[in-house]
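# Notes for the structure review
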Amino acid sequence: MSRRRLSSEIGIVTIIISFLILLVSLFVYHHHHHALVYYSHGRQTSSSTSPVAASKSHIIRFFQYKKAEDLKQYLERNVKSKGWKWVERQNPAMKFPTDFALVVIDERIEDFLIGELGKLDLVKDVSLDLSYQRGVLHQHHKKRPGKIFTSMSFTAQGDDDDAFFTNTNTNTNASWTTTRRNLMMQKSQVTSLFGADALWSKGYTGAKVKMAIFDTGIRSNHPHFRNIKERTNWTNEDTLNDNLGHGTFVAGVIAGQDVECLGFAPDTEIYAFRVFTDAQVSYTSWFLDAFNYAIATKMDVLNLSIGGPDYLDLPFVEKVWEITANNVIMVSAIGNDGPLYGTLNNPADQSDVIGVGGIDYSDHIASFSSRGMSTWEIPHGYGRVKPDIVAYGREIMGSKISTGCKSLSGTSVASPVVAGIVCLLVSVIPQNKRKDILNPGSMKQALVEGASKLSGPNMYEQGAGRVDLLESYEILKSYKPRASIFPSVLDYTDCPYSWPFCRQPLYAGAMPVIFNVTILNGMGVIGYVENPPVWIPSNEEGNLVSIHFNYSDVIWPWTGYLALYMQIKDEGVNFSGEIQGNVSFNVYSPPAEGEKIGRKSSCILRLKLKVIPTPQRSQRILWDQFHSIKYPPGYIPRDSLDVRNDILDWHGDHLHTNFHIMFNMLRDAGYYVETLGSPFTCFDANQYGTLLLVDLEEEYFPEEINKLKDDIINNGLGVAVFADWYNVDSMMKMKFFDDNTRSWWTPVTGGANVPALNDLLASFGIAFGDKILNGDFVINGEQSRYASGTDLVKFPQGGYLHSFPFLDSSESGATQNVLLSGMSKADSPILGLLEVGAGRITVYGDSNCLDSSHMVTNCYWLLKKILDFTAKNIRDPVLFVDSNRQDKALHLDDNQLPSRRTDVNFSTYSAVVGKELICGSDSRFQVWGTKGYDLNVRGRTRRLPGYASIHLNSTHKIPPVNKLRSIHDNSLGNKYLGYLYGDDLDFPELVASHWLIPVTVAVSGLLLLWSFWKIRQKRRRKRKASGFTRSANP
């Protein structure tokens, strides 16, 4: 009986366990499915916005222009494999030779075919036909990998959209409304604010100027336009009309003739390129064809109202270069991602394009206007000044779809304001002389040199200043082809315009201060810096300055760059004062048509530098920029998961972009902050009180880890680490199908690279965990927000550790919370302070409180206390409480620490993995091109967990720019991203993850139940057999 009872109980328990397993399986499935739906919805993915065929369409770019039929025959002759189909493009560009083909490739042999195509002599590269989408009006668009329309704010019906564009830098909404109404009563036209009527009275109205408007089209016979020359449709919809109003409004600002909403150049010839559908969708192939047609039909000016952070979208970027190289003046909106810094949109951030920001009628930078600097050059350089100019972008009147006027705001409004001004200026030059004088270089010279510098904003907010039509007109009237630079002056005494340079003087022993200027060449599309630039000081003290230069090998198209690396020599350690002088160089351009002698021009950059004696070590902070990775090229996710409208970390993570408020705070507190753009071996720790490591995604060389350990223990360096979330399960749940690239995207790291940070801190017994913690906490009356931060799981005895109750929102944490009946908060250690050897270390699990991108509350007060400790060994009683001192070490086995993703090829966008340790030009001149201070170790083979073996002594060449977009493994989808992340998960594996895990668990439960049943049956048979035996043998 006992065995039967036991067997019965086992059976009941088995059934209960199996039932529980099924419930858990259903929960896991539902949670997984819900999470994916949420993230997909967050990305606005919808198959209805993209034709099914386009999801398989690829662009094949060629090195030569040929007729489409010839390219088709070339492919048919040379591509032996099947599985591809030529796509006929029925548009006006097909009358001319083309440099690309559109083909549909069978996804089953996609990689193989792309590899075969890439081997053909005429083929430049192969890439997906990307989708571009416009953001929803009245709402902040979600920042996606592709390009989107720069959003406008509609106020045509008297709506007040100040809530949409909250200006944190200017007057209140009420005062702004009053100001706007008064101004509109006094001067009802934006054209009059720029003095356009003065040129109209001279007979200049934009005549004989071909204006290309790339937008949503325009309706024929619109009463506001007198000179619509051509309307072309580049979409898959059978219409030329504008059914949205965007394109019509832009055209109205440029060339409208209605008295209520006059345009700048009413006689301009309008060429309306309809490149967006009524669903606000476009594709790369549509743009490439439209661009080619604009080149073939010799447009003079082109206005573009799309933008995005993907400046590595090479087919698009290179076609823009080609457009401007063919003497088309391109004007583009800088973006509506202000007031954040580092938010410039492409193509407006390109030096050959006139990038336009927005201001209000009080000459304040509009809150929505994106700010510089450009982020192409960082983390290993310094950005350029952008926007180029600003123009009125609030409450501008323009044309409605059919008739009447309406008011809009945004940089998409400011852009056509400048485009209209450009058309008017072009018409000033007689047609027979335009070819000799006007080009993208000379027009930008006239605009930036004629602009009025505004008194409040800095150069990365306003560029050269507010566009001045009449001043630019005077410049063009007497213009002779020449080269120049922008900005032409760097004045450390001119604050706030010269921010951030005017905020921190130069001093001996500091890292080089980099200033990046743009070379404008009005002499020709191609130019060269003839001889290396020369520093010419105004007095003897100027010899204390050492300046190294880096500049464009070829100035093309029309523009180039010049980077200055400025250091004060050691003999200037005690110097205090101003140093003035000029940087001079010559630009040479080949002879123009009909000329025999090349053109030459001298350029001068005026410098006025402020120098102080070298500050004390404790006042000097070194900011680590080298170990920062941003989008593009990788899907680097946002640091705060509470932010839903901006999933990418694309602002640069630089002291002068999204950490600019923190930089100003540190300067106000008396600290001097320098930037490290090279590995840790490239700085002298004896010069700095604190090394500041914030929001870092990069790996570390072994030499860096060893040197930092020595710097802390023996050289007394202080280190302050601000980490972020890292959870592999949560990263996998953030995978989404992006409509723009029509590919799956997965974060390659978390908000910070916690496994790499743990390697860096391992020798000190410190490690971060993989929780994602959220909540408010209070220290000494100071309330702070912990936004998607992580926890500390290892910390040594004797240190000070602060813990607070938070909710763990990671995938594993959320599941545990549910199983433990409720979203309970548990104390998690987040802040640690430790003295080790001669140095000091602090670690904190969140950086959002320092990052102005998505900051809820700042923790500058905490940063100051941390720096007091790391730099000066001042122990604030708030942080150093006996109750927080660790009597025993906080410990977690190494095999339980967060691990790296092994399914991602991290080396493709890392400056460490697979690369040689070298000190770059942004380190001290003394160690340029070396491995750093007291480090003569040659490169050796090393292996990171989860990565392939890496040979540091091998030679790594940068691939040519025209090959960067080639896709030989398209598992991630985006043209360059597919090239970089060839080992990422693909679609079938993701779909399998929907059901495979829960079904496996459920089947396992059923098998377990069946096994117990079989065992029970077997025991019953044995009992029956034994009973029969006993009865047969009395």
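In case you missed it, the structure is sitting above this.
Notes on the structure follow. All residue numbers refer to position in the chain's written sequence, counted from 1. It should be noted that, the model being predicted, local features are given only for residues of pLDDT at least 70 and side-chain atom pairs only at 80 or more, the latter also being counted only at that level, while totals for whole chains, interfaces and linings use all residues. Note: side-chain values were computed over all heavy atoms of the structure, leaving out hydrogens and water.

## Thoughts on the packing of aromatic side chains
Here a Phe, Tyr or Trp ring, Trp counted by its six-membered ring, pairs with any other such ring whose centre lies within 6.5 Å, and the pair is stacked when the planes are under 30 degrees apart, edge-to-face when over 60, and tilted otherwise. Enumeration according to the criterion identifies 40 aromatic pairs in this entry. If you follow Lys707 out to its NZ or CZ, it ends over the ring of Phe683, 4.1 Å from the centre. We count a charge as sitting over a ring when the NZ of a lysine or the CZ of an arginine lies within 6 Å of the ring centre and within 35 degrees of the ring normal.

## Describing the pattern of salt bridges
Within this document, salt bridges are pairs made up of a side-chain nitrogen of Lys or Arg and a carboxyl oxygen of Asp or Glu, the two lying within 4 Å of each other. If you walk through the whole model with that rule in mind, you get 36 salt bridges. Arg108 is the partner of Asp106 in a salt bridge, and the nearest nitrogen-oxygen pair spans 2.6 Å. Each residue is placed in one exposure class: buried if its accessible area under a 1.4 Å probe, protein chains only, is under 20% of its type's maximum, exposed if it is over 50%, and partly exposed if it falls in between. On the basis of relative accessible area, Arg108 is assigned to the exposed category, the value being 73%. Salt-bridge contacts for Asp278 lead to Arg274; the nearest nitrogen and oxygen are separated by 2.8 Å. When its relative accessible area of 29% is taken as the criterion, Asp278 is described as partly exposed.

## Quick notes on helix α14 (residues 469-477)
Listing the buried residues of α14 in full gives Leu469, Ser472, Tyr473, Ile475 and Leu476. The buried residues of α14 all sit within an arc of 160 degrees when viewed along its axis, so they share a single face. What makes two residues a contact is simply this: any of their non-hydrogen atoms within 4.5 Å. A run of H or I in DSSP becomes a helix once it reaches four residues, and a run of E becomes a strand once it reaches two; helices and strands are each numbered from the N terminus. Those residues of α14 that are buried are in contact with α6 (196-200), α10 (411-428) and α12 (440-450). Within 3.5 Å is the distance limit for a polar contact, defined as a pair of N or O atoms, with the added protein rule that one can donate a hydrogen and the other accept it, and that residues adjacent in sequence qualify only through two side-chain atoms. The backbone nitrogen of Leu470 lies 3.3 Å from a side-chain oxygen of the residue at the head of α14, namely Asp468. Of all possible arcs, the one meant is that of the directions from the helix axis to the C-beta atoms.

## A look at the sheet that holds strand β24 (residues 545-551)
Read from one edge to the other, the open sheet built from four strands follows the order β19-β21-β25-β24, with strand pairing classed as antiparallel. One side of each edge strand has no neighbouring strand; the edge strands of this open sheet are β19 (483-486) and β24. Taking the axes of each pair of neighbouring strands and ignoring which way they run, one obtains an average angle of 30 degrees across the sheet. In this analysis, strands are considered paired if DSSP registers two or more bridges between them. Taken together, the eight bridges between strand β21 (residues 513-521) and strand β25 (residues 559-568) define a ladder with antiparallel strand orientation. Convention adopted: a line fitted to C-alpha atoms gives each axis, helices being fitted over their contacting stretch, and angles between N-to-C directions are expressed from 0 to 180 degrees.

## Some remarks on the pairing of strand β31 (residues 718-722)
In terms of burial, β31 is a largely internal element, five of the five residues being buried. Residues Gly718, Ala720 and Phe722 line one face of β31 and the alternating positions Val719 and Val721 line the opposite face, and both faces are buried. A clockwise path from the first strand over the helix to the second, with the strands pointing away from the viewer, defines a right-handed crossover. Following the backbone out of strand β30 (residues 690-694), through helix α16 (residues 702-713) and into the adjacent parallel β31, one traces a crossover that is right-handed.

## Things to note about the nonpolar core
What makes a nonpolar core is a set of buried Ala, Val, Leu, Ile, Met, Phe, Trp, Tyr and Cys residues whose side-chain atoms join them at distances within 4.5 Å. By size, the foremost hydrophobic cluster in this structure holds 146 residues, and its most contacted members are Phe194, Val418, Met443, Leu607, Met662, Phe722 and Leu850. The dominant element in this core, judged by the number of residues it contributes, is α10, at twelve residues. Ignoring any residue separated from it by four or fewer positions in sequence, one finds Phe194 in contact with Phe264, Ala391, Tyr392, Val417, Ile421, Arg466, Val467, Leu469 and Leu470. Judged by nonpolar contacts, the second largest core, of 46 residues, contains Tyr635, Phe683, Val721 and Ile841.

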